[in-house]
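Structural description and commentary
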Amino acid sequence: MQNIFDIDEWKIIETNFDPKKQLAAESIFSIGNGAFGQRANFEESYTGESLQGSYVGGVYYPDKTRVGWWKNGYPEYFAKVLNSCNWIGIDIEVDSEKLDLATIQVKHFYRELDMRNGTLTRKFTCELKNGKIIQIKSTRFCSMNDDEIGAISYSIKPINFSGNVTFIPYLDFNVRNSDSNYNEFFWKETNKKSSTSESFISAVTKKSDFNVVVAFNYTISKDGEPLNVNSTKLENKLYVANKFEVLIEQGSEYILEKYVTVISSLNHEKDLESIAVNKAIQSKKNTFHKLLNNHIKSWHSIWDNADVKIEGDLKSQQAIRFNIFQLYQTYTGNNAKLNIGPKGFTGEKYGGATYWDTEAFCLPFFLKTSPKKVAKQLLIYRYNHLKKAILNAEKLGFHSGAALYPMVTMNGEECHNEWEITFEEIHRNGAIAFAIFNYIRHTNDKDYLLKYGRKVLIAIARFWVQRVNWSNKKNKYVILGVTGPNEYENNVNNNWYTNYVARWCILYALKTDNELGKNHGSLISKEEESKWQDISEKMYLPKINNSNIFLQNDGFLDKEFVKAEQLSNNDRPINQNWSWDKILRSVFIKQADVLQGLYFFEEHFDIQTIKENIEFYEPYTVHESSLSACIHSILYSLVKEEEQAYKMFLQTVRLDLDDYNKEVDEGLHITSMPGSWLSIVEGFAGLRIRNNKLFLNPTLPNKWKSYSFNIIFNDQIVNFDIRNDKILIYNKGGNSIDLSINGRDIQILENNKIKIEC
Ligand code: BGC
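Figured I'd write up the structure that's included with this text. The structure presented is a predicted model; accordingly, all values stated were derived computationally and were not measured.

Here is what the cut-offs are and how they apply
Residues numbered from 1 in each chain as written. Predicted model: local features only at pLDDT ≥ 70, side-chain atom pairs only at ≥ 80, totals over all residues. Heavy atoms only, no water. Salt bridge = Lys/Arg side-chain N within 4 Å of Asp/Glu carboxyl O. Helix = DSSP H or I, 4+ residues; strand = E, 2+ residues; numbered from the N terminus. Buried < 20%, exposed > 50% of the residue type's maximum accessible area, 1.4 Å probe, protein only. Expected span 1.5 Å × (residues − 1). Contact = heavy atoms within 4.5 Å. Core = buried A, V, L, I, M, F, W, Y, C linked by side-chain atoms within 4.5 Å. Polar contact = N/O pair within 3.5 Å; in protein donor to acceptor, adjacent residues only side chain to side chain. Pairing = 2+ DSSP bridges. Axes fitted to C-alpha atoms, helices over the stretch in contact; angles between N-to-C directions.

With respect to the pattern of salt bridges
Under the counting rule described, the total for this entry stands at 48 salt bridges. For Arg 140, the salt bridge goes to Glu 43, with nearest N and O atoms at 2.7 Å. Residue Arg 140 is located in strand E10 (residues 133-142), and its partner Glu 43 is located in the loop between strand E3 (36-38) and strand E4 (54-64); the two are separated by 97 residues in the primary sequence. We note that Arg 140, like Glu 43, is buried. The closest approach of N and O atoms between Lys 132 and Asp 95, which form a salt bridge, is 2.5 Å. One end of the pair, Lys 132, is in the loop between strand E9 (119-127) and E10; the other, Asp 95, is in the loop between strand E6 (90-94) and strand E7 (97-98), and 37 residues separate them in sequence. Each of Arg 441, Glu 602, Glu 603, Arg 688 and Arg 690 takes part in a single network of salt bridges with overlapping partners.

Some points on the environment of Lys 222
With respect to the element layout, Lys 222 can be found in strand E15 (residues 211-222). Considering only alpha carbons, one finds Lys 222 and Trp 303, 81 residues apart in sequence, at a separation of 35 Å.

Some thoughts on helix H6 (residues 372-384)
Compared with an ideal rise of 1.5 Å per residue, which puts 13 residues at 18 Å, H6 spans 18 Å between its outermost C-alpha atoms and is within 8% of the ideal. The set of residues buried in H6 consists of Val 374, Ala 375, Gln 377, Leu 378, Leu 379, Ile 380, Tyr 381 and Arg 382. The inward-facing, buried residues of H6 abut helix H5 (357-369), helix H7 (386-395), helix H9 (428-443) and helix H10 (446-467).

Details of the nonpolar core
Ile 711 and Phe 720 are the most contacted members of the largest nonpolar core, which totals 231 residues. Among the elements that line this core, the one with the most residues is helix H11 (residues 496-520), at 12 residues. Non-local contacts of Ile 711, meaning those with residues more than four positions away in its chain, are made with Lys 368, Trp 677, Val 681, Leu 687, Ile 689, Leu 694, Gln 716, Ile 717, Val 718 and Phe 720.

Overview of the side chain of Asn 242
By the secondary structure assignment, Asn 242 is in strand E18 (residues 239-248). Note on Asn 242: relative accessible area 0%, which makes it buried. At a separation of 3.0 Å, a polar atom in the side chain of Asn 242 contacts the main-chain carbonyl oxygen of Ser 195. There is a polar contact of 3.3 Å between the side chain of Asn 242 and the side chain of Ser 231. Each residue touching Asn 242, except ones within four places of it in the same chain, is listed here: Phe 167, Ile 168, Pro 169, Ser 194, Ser 195, Thr 196, Ser 199, Phe 216, Tyr 218, Ser 231 and Thr 232.

As for the sheet that holds strand E23 (residues 688-690)
One open sheet holds the four strands; their spatial order is E23-E24-E28-E29, and the pairing between them is mixed. In this open sheet, the two edge strands, each paired with only one partner strand, are E23 and strand E29 (744-748). Averaged over all pairs of adjacent strands, the angle between strand axes in this sheet comes to 30°, irrespective of strand direction. Across five bridges, strand E28 (residues 737-741) lies against E29 in antiparallel orientation. The residue of E29 that forms the bridge with Ile 741 is Arg 744.

The structure is reproduced here in structure tokens:
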């Protein structure tokens, strides 16, 4: 696989300006801070191909549903995360010629995403049509220290002339979503003011009425000394700017520092304008340098917990840091109203909304790399949507408090509108219950379970209990008409994964209610309890006769069993090259499905069974969902097929950096990024947490000299350093921990290191 960008352990680097790569680079070099994010668009005008993208978390537009044939139960709208105010804009004119990299000669170009410090930097020299050569340097960041602040330092140096340069720093809300269903414009201006000091625009979203106020001010200096300029105010619809001219001298450096605040009604009930303006004033007083330092400090403390160090494989080192970096840019856990969209703040497809990806993939990552409040926020988010999940189920004919969580949501309401997914991909309910279980087995947070988790579990169990039906023929409960995680088959009966997770949900809800019921009363009736028991005992779980292979779904064996390796390059990806009906009839599995279940519930099965299932399913899996390869990698590690585990890991860790799926220009695959971290920690290191105890069963990929990572366990940091001949473990916390390494029990005292020779 060819590298699109240079390899470096802490940086993503681009040393050539290639307009054909600009869309992809805009995604890869995105920055964000969990509250808002920005694609790597240029500050100055750019008329080449580009997706101008600034996104504010949780601010969405209910875009009227577009379907060919309406079906009862479809949601009225699809929530789009909104492309919001372009806050980075700084137009530059050199002796009346606009700086635009699409039209001029770019001589040296360097773009760098510094992941350790969270900054995006660009340096280039260019010759304008008028022969003037200038050098530009820009650095920007979305503050991790104060998630309502963004700042830019933009420097210009004339190389072969002295002359007039016009600077136009601006804010522009005239931005459209490229994925709008009816090409509607989503913003309405409510107020604006352009002044020679602080300027702002206030806009509300049509229909959803979110108010976003963006304010900015700036400083300009020459060779480090402040410059006084006479600026003119510019105002247009949804646009404010300042314009000033500077006579720049050859060899001197002129720096414009732009301070921006992004305030939304999601977090402030009133006075948004004054908050935005005052914060912009304060940011300017604080200076770019100080804001940047605070931002860098915040990033360093994230890395202190979350970094993974790999010796001997620079490409993996770069990529795992890239994935960790993008995950923390997307979600910090500071705000229970926010969640993690599949593209985060890097693009529009999937609407920035919440999918089961959060619970199945992201939560396990945050659970082990952040204090427990971060994973808890993700669970509280779903708790806060419980009423809507119950309403959603009622809309589909369920009753008595049964909840069906949406497949896609921004506010708890379903907004996905393909029947085979909206109505049938109900396994999402299972991932939410599993996330609660996962959180509890890591944290033992009984208080959460009592106040929130139990109610969610019971409502989910009630859904499954009503969704099954008794089959006389099979003498079992069955679940008909579903889509499993494998979206390449719809409306199937008895998808093993769905049936298994449904049964498990019912049992876990029962167990939780029984346990909590002893001191706090039960929330389910005796009749319910016996019905639930009956269903869990008699759930149909399809299997291939005389084998250990769990069956994808009824009818699967009638398919023509052709292996994925027999597909030609022209066929792949099949979702771009084949008709949908051909896909549905084929044996090809989009993503881990039976194997997703074996991953979740591995302790229910012996290793031989897991091995046989992975050997059976891998040849038919095309991994056309970014969520797939990581699950296969973890399972391959579990069954000690190390080469396969590493191969699958590479596919997941460099998915975006190497653009495996040829779609990185649309945005990054944020929610599959934790899969690469899980492939290392749960896969290669074989780390598990069960009943308040740590288990480790490590392997070292052939190419690697060592790898090391931290996890947060019982609120304390434990560092693992895995080498060929030894394992080093450092318990950095104030309490001892119990650990089992390759089956051997060990206790590590507080603030202690141990070395295990292998
Ligand atoms: C996958 C789903 C996933 C969605 C968003 C789809 O391609 O099949 O499992 O939830 O992408 O990432």
